[in-house]
Amino acid sequence: MTTTITALQADSAESSFTTRTLERRSLATDDVRIAIRYAGICHSDIHQVRDEWGGTSFPITPGHEIVGDVLEVGADVSKFKVGDTVGVGCFVDSCMECEACKDGEEQFCSQGVVGTYNGQDKNGENTHGGYSQQIVVRDHFVLSVPESLDPAAATPLLCAGITTYAPLKRYGAGPGVKVGVIGMGGLGHVAVKIAAAMGAEVTVLSRTDSKKEDGLAFGATAYRATEDGSAFKDLAGSFDLIINTVGASVSLDSFLGLLGRGGTMVNVGAPSEEQSFQMFSLLAMRRNYAGSMVGGLPETQEMLDFCAEHGITSTIELINADQVDEYYEKVVSGDVRYRAVIDIASLDKADAAA
């Protein structure tokens, strides 16, 4: 039996959000029904709602940073029980049989991972995400949120946390490693906190000094504004690893020049414009340029446990459902410090007003 719930939906790339009802499917034996408490606003939500990457299916209910409480479990679910605080990230299903899935890297499923929203589930139905009162998810794709983490502030970790944790871990951030973080926004501030907790020497590379006090408070040992260009001369060849968190175009050649011999720059932001750089930026010092897309379920759980151990959450602004359109503009203009999280309880009030 399906369940009718309230959600926010956009009908086109130009439209505002409207409060609507959605049907959530009845539980399969391996499903978990979750009452959503909080949903984060990720810049990728904005890209997809505005169809900046192409391929958006409307109407769309975004949201892939979700924390809530278990309402009901299927007959074969043993990992979760009613009342558990859980999270859902960017994916809600995959084939579970290909090499990537067996390796715990479901994001690279050869059959195509099922996105939490703007995807198609195994029944051919469009998926709808966390800007809603409930969601039904296959148990494998549900994560345990440690009790020590504030649930609202932990919500963005389901995307921003794993997006930055995965490359920091893969490329060896730790004691004695010099890490540069480009951008101090929703992704960047989490990257600083996690890299510092790993023991790395962290430098924030931001356009201006406006967030310097925050960057140092989050664990950075240095903060350099890049606007006047002097940082590129002063810090040339300084870093072992650079994480580029910016969702817009930057001068890749300038930032690649900050890497030392054999250093790596990893892009986790996803600008809609085509990017380019000179090949000699890599050849000159055997530098590497890589990309990274979130992480699989085992690594995401590892990240949540790491954050609990080190007391890491996102720094958030908690907002109501009727503020989402306003906050999309704030995210784009960089006026949110540092992630916006929707209090889903406010959907009840929005529904009543409608």
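Here goes a summary of the coordinates provided. Please read these numbers as outputs of a predicted model, since none were measured by experiment.

## Some remarks on a nonpolar patch on the surface
Phase 1 of the analysis: Judged by side-chain polarity, Met279, Phe280 and Leu283 come together as a nonpolar surface patch covering roughly 370 Å² of accessible area.
Phase 2 of the analysis: Mapped onto the elements of the fold, Leu283 is located in helix H9 (residues 280-283).
Phase 3 of the analysis: With a relative accessible area of 54%, Leu283 lands in the exposed category.

## Details of the nonpolar core
Phase 1 of the analysis: Counting 83 residues, the largest nonpolar core has Ile41, Tyr131, Leu168, Val179, Ile194 and Val324 as the members making the most contacts within it.
Phase 2 of the analysis: Grouped together as the second largest cluster of nonpolar side chains are 13 residues, Ile242, Leu252, Leu256 and Leu259 included.

## Topic: the sheet that holds strand S13 (residues 239-244)
Phase 1 of the analysis: Judged by pairing direction, the sheet is parallel, and its six strands sit side by side in the order S12-S11-S10-S13-S14-S15 without closing on themselves. Edge positions in the open sheet fall to strand S12 (222-225) and strand S15 (288-291), since each of these has one partner strand only. Neighbour-to-neighbour, the strand axes of the sheet open up by a mean angle of 20°, direction not taken into account.
Phase 2 of the analysis: Here four bridges tie strand S10 (residues 178-182) to S13, and the two strands are oriented parallel to one another. Across the sheet, residue Ile182 finds its bridge partner in S13, namely Asn244.
Phase 3 of the analysis: Strand contacts of helix H4 (residues 160-170): S10, S13 and strand S14 (259-267), with the helix running at about 160° to S13, the strand carrying the most contacts.

## Let's talk about the side chain of Ser94
Phase 1 of the analysis: You can see Ser94 is positioned in the loop between strand S6 (91-93) and helix H2 (99-102).
Phase 2 of the analysis: Ignoring any residue separated from it by four or fewer positions in sequence, one finds Ser94 in contact with Cys101, Glu106, Cys109, Val113, Arg138 and Phe141.

## Here we look at helix H10 (residues 297-310)
Phase 1 of the analysis: A rise of 1.5 Å per residue sets the reference length of H10, with its 14 residues, at 20 Å; its end C-alpha atoms lie 20 Å apart and thus fit the reference within 8%.
Phase 2 of the analysis: Of the residues flanking the end of H10, it is Gly311, one or two places downstream, whose phi is positive at about 65°.

## Here's the deal with a negative patch on the surface
Phase 1 of the analysis: Negative charge collects at one region of the surface, where Glu14, Asp51, Glu52 and Glu273 lie side by side.
Phase 2 of the analysis: Looking at the element boundaries, Glu273 is found in the loop between S14 and H9.

## Focus: the pattern of salt bridges
Phase 1 of the analysis: Per the stated rule, a full pass over the model turns up 15 salt bridges.
Phase 2 of the analysis: Among the ionic pairs, Arg33 bridges to Glu72, the shortest N-O distance being 3.2 Å. Linking Arg33 in strand S3 (residues 31-41) with Glu72 in strand S4 (residues 66-73), this pair joins segments that are 39 residues apart in sequence.
Phase 3 of the analysis: What makes Arg33 buried here is its relative accessible area of 6%.
Phase 4 of the analysis: The shortest N-O distance in the salt bridge between Asp234 and Arg224 comes to 3.0 Å. In this pair, Asp234 is assigned in helix H7 (residues 230-234) and Arg224 in strand S12, connecting sequence segments 10 residues apart.
Phase 5 of the analysis: Put simply, Asp30, Asp93 and Arg138 are held in one network by salt bridges that share partners.

## Quick look at the packing of H4 against H10
Phase 1 of the analysis: Two elements in contact, H4 and H10, have axes separated by 10 Å at closest approach and are oriented at 95°. Classified by the angle between their axes, H4 and H10 sit roughly perpendicular to one another. Residue-level contacts link Gly161, Ile162, Tyr165, Ala166 and Lys169 of H4 to Glu299, Thr300, Glu302, Met303 and Phe306 of H10.
Phase 2 of the analysis: Residue composition of the contact of H4 with H10, by class: five nonpolar, two polar and three charged.

## Let's talk about the packing of H4 against helix H5 (residues 188-197)
Phase 1 of the analysis: Packing of H4 against H5 brings their axes to within 9 Å, and their N-to-C directions diverge by 45°. Relative to H5, H4 is oriented oblique. The handedness of the crossing between H4 and H5 is right-handed. Residue-level contacts link Ala160, Gly161, Thr164, Tyr165 and Leu168 of H4 to Val190, Ala191, Ile194 and Ala195 of H5.
Phase 2 of the analysis: Among the residues forming the contact of H4 with H5, the class breakdown is seven nonpolar, two polar and no charged.

Rules used in this analysis
- Residues numbered from 1 in each chain as written.
- Predicted model: local features only at pLDDT ≥ 70, side-chain atom pairs only at ≥ 80, totals over all residues.
- Heavy atoms only, no water.
- Patch = residues over 30% accessible without salt bridge, like charges linked within 9 Å, V, L, I, M, F, W, Y side chains within 5 Å.
- Areas by Shrake-Rupley, 256 points an atom, 1.4 Å probe, with all protein chains shown as cover.
- Salt bridge = Lys/Arg side-chain N within 4 Å of Asp/Glu carboxyl O.
- Helix = DSSP H or I, 4+ residues; strand = E, 2+ residues; numbered from the N terminus.
- Buried < 20%, exposed > 50% of the residue type's maximum accessible area, 1.4 Å probe, protein only.
- Core = buried A, V, L, I, M, F, W, Y, C linked by side-chain atoms within 4.5 Å.
- Pairing = 2+ DSSP bridges.
- Axes fitted to C-alpha atoms, helices over the stretch in contact; angles between N-to-C directions.
- Contact = heavy atoms within 4.5 Å.
- Expected span 1.5 Å × (residues − 1).
- Lys, Arg positive; Asp, Glu negative; His and termini not counted.
- Charge placed at Lys NZ, Arg CZ, Asp CG, Glu CD.
- Parallel < 35°, antiparallel > 145°, perpendicular 65-115°, else oblique.
- Nonpolar A, V, L, I, M, F, W, Y, C, P; charged D, E, K, R; others polar.
- Left-handed = near helix turned anticlockwise from the far one by under 90°.

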